[in-house]
Amino acid sequence: MNRETLLAEIKKMLSADQINTNPDDLYDASADRYKKYAKVRKVLNVPQPVAIVYPKSVHEVSRLLKFCNENGINVIPRGGKTATEGGLENWKELTLVIDALYLDKILKVDYYNMQATVQAGVPLQQLEDVVREMGFTTGHSPQSKPVAKFGGLVSTRSIGQFSTLYGGIEDMVVGLECVFPNGHIARIKNVSRRAGGPDIRHIAIGNEGTLCYITEVTVKLFKYFPQNNAFYGYLIKDVETGISILREVMVNGYRPSVARVYSEGDAGQHFYHFHDGKCVLIFMAEGNADIVAATGKGIEAAVEKFSAGILKKVDSKLIEDWFNHLNWSQKDIDDEIEGMKEQDYHAGFTTEISADWETIPLIYNNVMRRIRTEFPRAKDLTLLGGHSSHSYINGTNMYFVYNYKIHCNPEDELRIYHHPLQTIIVEETLKLGGSMCHHHGIGKYRNEWTKEEHGSAYYMLETLKKAFDPNGIMNFGTIFPQEDGKKYQK
Ligand SMILES: Cc1cc2nc3c(=O)[nH]c(=O)nc-3n(C[C@H](O)[C@H](O)[C@H](O)COP(=O)(O)OP(=O)(O)OC[C@H]3O[C@@H](n4cnc5c(N)ncnc54)[C@H](O)[C@@H]3O)c2cc1C
């Protein structure tokens, strides 16, 4: 099969409004935000997909996948296009992007049973707006909330800003429907819990489009009490102090919705109006009034315990205002891209990892030291730092951020800047037993470490791939390393 015959076959299966071969859209569909600078400078080196297709039902998804499976056509599932790690990048000549644009219905909002069912192409913001009207929330609030869609959110194992209270998407998904490459449609029913063997929701959650296409999702709902929200902010001595306070709050059983610590550099870009060159610690408590009051006391007790590291309390209104402007709309995303047309400057590359409480500060310090001493372009860095933003009983994450001036050809930027930086972060994390990937997914640019990340358990991941996608048609190069993809990586 070639590009023309593939297109001819697709035209037999779908109507004209479901097939997009617009050259600009195909160029856009050939990479995601990982290569945003190369993309905007029009120097992408990857093949373009043959078409973007928009199925209108699960049965159309099933027919498309079955056809691709039988004919060796690569498939890239697509939602809100906010992927950051290459999950939407194309490495194959014969590729169809299956976009959830028309799978856009909110199917049921069940306030009594506290759950809502949506199709994969519903943006999170849309459901959140509907349930907020009735005094509820999904509890899910990634910064990409206005744009990201449910299929993408579930398949990347996304996490939101209020995760310390509500959990990640894996804690919210009740049941789902997904389609496998052979066309099989699987529905996982909605129950409060079950012990019917392994939890098969997790085959779909986090699969990044490499095992199945998610078509429908049911998530939990929570009561929403915005009038009780309480905010806390402190300037602190160092990241270690902040991590110790986060731990103190968590191990004593408190669940603030937000619990974060920012390094000096990272605080500078978020809290430039008050950080005063210092690290910043913030909390938010939400829920019913009694819980908020108890959580506030727990936060204050933890801060008191480490008072030697506290430099100043910050006006809570400043923290509240900051939260209200944190999310990225499509316009913010477009403006960033527009800015890159003119400027040789990179703001906003990140690598997020996780580890236990005692290991996180070690990873953080090792990474800072290695980047400053080993990275040949360290002088081009305009920001190097990070924040911990998602905490658990046994540990937390670290979201490394690095901005830099680009002094090379656009096509070399990833090789000269991003990849060496990311390599140091991943190496230090894996060396100390952390996870190289806290919430953005592996995509195509951390796949070289997938085997090391999972160690002996990689057997389980590999076996799932062989079982569900024996012909390897699902999102070639994502999660699973591929020899043929190396030419696009470095
Ligand atoms: C400004 C910004 C802020 C962000 N903030 C956060 C954050 O706070 N927390 C966080 O976790 N992430 C964040 N991200 C990353 C990103 O938003 C998430 O990974 C999100 O879950 C992706 O959803 P999407 O609908 O845009 O998916 P897409 O970008 O379209 O796809 C992402 C991946 O999921 C696969 N996929 C998409 N739809 C399906 C489907 N129906 N079935 C199977 N696979 C599918 C794709 O193949 C791809 O591998 C942010 C990104 C941006 C740009």
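Residues numbered from 1 in each chain as written. Predicted model: local features only at pLDDT ≥ 70, side-chain atom pairs only at ≥ 80, totals over all residues.

**With respect to the sheet that holds strand 8 (residues 173-179)**
The antiparallel open sheet is built from five strands, whose spatial order is 5-6-10-8-9. Every other strand in the sheet has two partners, leaving strand 5 (106-110) and strand 9 (185-188) as the edge strands with one partner each. Mean inter-strand twist for the sheet, computed between neighbouring axes without regard to direction, equals 10°. Judged from the four bridges that link them, strand 8 and strand 9 form a sheet pairing that is antiparallel. Counted as the bridge partner of L176 is I188 from strand 9. The strands touched by helix 4 (residues 58-71) within the sheet are strand 8, strand 9 and strand 10 (213-220), with strand 8 carrying the most contacts at an inclination of about 50°. Sheet contacts for helix 5 (residues 124-133): strand 5 and strand 6 (115-119); angle to strand 5, the most-contacted strand, approximately 35°. (Pairing = 2+ DSSP bridges. Helix = DSSP H or I, 4+ residues; strand = E, 2+ residues; numbered from the N terminus. Axes fitted to C-alpha atoms, helices over the stretch in contact; angles between N-to-C directions. Contact = placed C-beta atoms within 7 Å.)

**Structural notes on the site of the ligand**
The immediate surroundings of the ligand are formed by 37 residues, with G79, G87, G151, G152 and G209 found nearest. Elements supplying a minimum of two residues to the shell around the ligand: strand 3 (74-78), helix 6 (150-155) and strand 10. In the shell around the ligand, the residues fall into 14 nonpolar, 18 polar and five charged. (Near = placed C-beta within 6 Å. Nonpolar A, V, L, I, M, F, W, Y, C, P; charged D, E, K, R; others polar.)

**Description of helix 5**
Of the residues making up helix 5, those classed as buried are L124, L127 and E128. Angularly, the buried residues of helix 5 cover 100° about the axis, an arc narrow enough to put them on a single face. For helix 5, the exposed residues set more than 90 degrees away from the buried face come down to D129 and E133. Contact partners of the buried residues in helix 5: strand 5, strand 6, strand 7 (136-137) and helix 6. (Buried ≥ 20, exposed ≤ 12 C-beta atoms within 10 Å, placed from the backbone. Arc of directions from axis to C-beta.)

**Concerning the packing of helix 10 (residues 239-251) against helix 15 (residues 359-374)**
To describe two helices that pack against each other, one gives the angle between their axes and the distance between the axes. As a packed pair, helix 10 and helix 15 sit with axes 10 Å apart at the nearest point and diverge in direction by 160°. Relative to helix 15, helix 10 is oriented roughly antiparallel. Along this stretch, helix 10 crosses helix 15, giving a crossing that reads as right-handed. Here V239, E240 and I243 of helix 10 come into contact with helix 15, specifically with I360, P361 and Y364. Taken together, the residues of the contact of helix 10 with helix 15 sort by class into five nonpolar, no polar and one charged. (Parallel < 35°, antiparallel > 145°, perpendicular 65-115°, else oblique. Left-handed = near helix turned anticlockwise from the far one by under 90°.)

**A few points about the domain arrangement of the chain**
The domain architecture assigned to the chain consists of domain 1 (3-101), domain 2 (106-223), domain 3 (226-323) and domain 4 (330-464). Taken over C-alpha atoms, the centre of domain 3 sits 24 Å from the centre of domain 4. Taken together, the contact pairs 16 residues of domain 3 with 16 residues of domain 4. Within the residue set of the side of domain 3 that touches domain 4, elements represented by two or more residues are helix 10, strand 13 (258-262) and helix 11 (264-270). No other element matches helix 10, which puts seven residues into the side of domain 3 that touches domain 4. A class-by-class count of the residues in the side of domain 3 that touches domain 4 yields eight nonpolar, three polar and five charged. (Domains from an automatic or database assignment.)

**Notes on the environment of F136**
Here F136 lies in strand 7. For F136, a count of 19 C-beta atoms within 10 Å translates into the label partly exposed. If near-sequence neighbours (up to four positions away) are discounted, F136 is found in contact with Y111, V131, L221, F222, K223 and Y224.

**Some remarks on the sheet that holds strand 3**
Strand order in the open sheet made by the four strands is 1-2-4-3, with mixed pairing throughout. Each having just a single partner strand, strand 1 (19-20) and strand 3 make up the two edges of the open sheet. As judged from the two bridges shared by strand 1 and strand 2 (residues 51-53), these two strands associate in the antiparallel manner. Note that in strand 2 the partner of I19 across the bridge is V53. Where helix 4 meets the sheet, it contacts strand 2, strand 3 and strand 4 (95-99), and its direction lies at approximately 165° from that of strand 4.

**So, the nonpolar core**
Judged by nonpolar contacts, the single largest core of 114 residues is most densely connected at V75, L96, V154, V173, I214 and V217. When residues of this core are assigned to their parent elements, the largest contribution, seven residues, is made by strand 14 (residues 279-285). If near-sequence neighbours (up to four positions away) are discounted, V154 is found in contact with I169, V173, L176, A204, I205, I214 and V217. The next biggest cluster of nonpolar side chains, apart from the first, holds nine residues, and it includes A31, A38, L44 and Y488. (Core = buried A, V, L, I, M, F, W, Y, C linked by C-beta atoms within 7 Å.)

**Examining helix 12 (residues 289-305)**
Here helix 12 is 17 residues long and its end C-alpha atoms lie 24 Å apart, about the 24 Å a rise of 1.5 Å per residue gives. Turning to helix 12, its buried residues are V292, T295, G298, I299, A302 and V303. The buried side chains of helix 12 occupy one side of the element, clustering within an arc of 135° when seen end-on. For helix 12, the exposed residues set more than 90 degrees away from the buried face come down to A289, D290, K297 and E304. Buried-residue contacts for helix 12 involve strand 12 (230-236), helix 10, strand 14 and strand 15 (310-314). (Expected span 1.5 Å × (residues − 1).)

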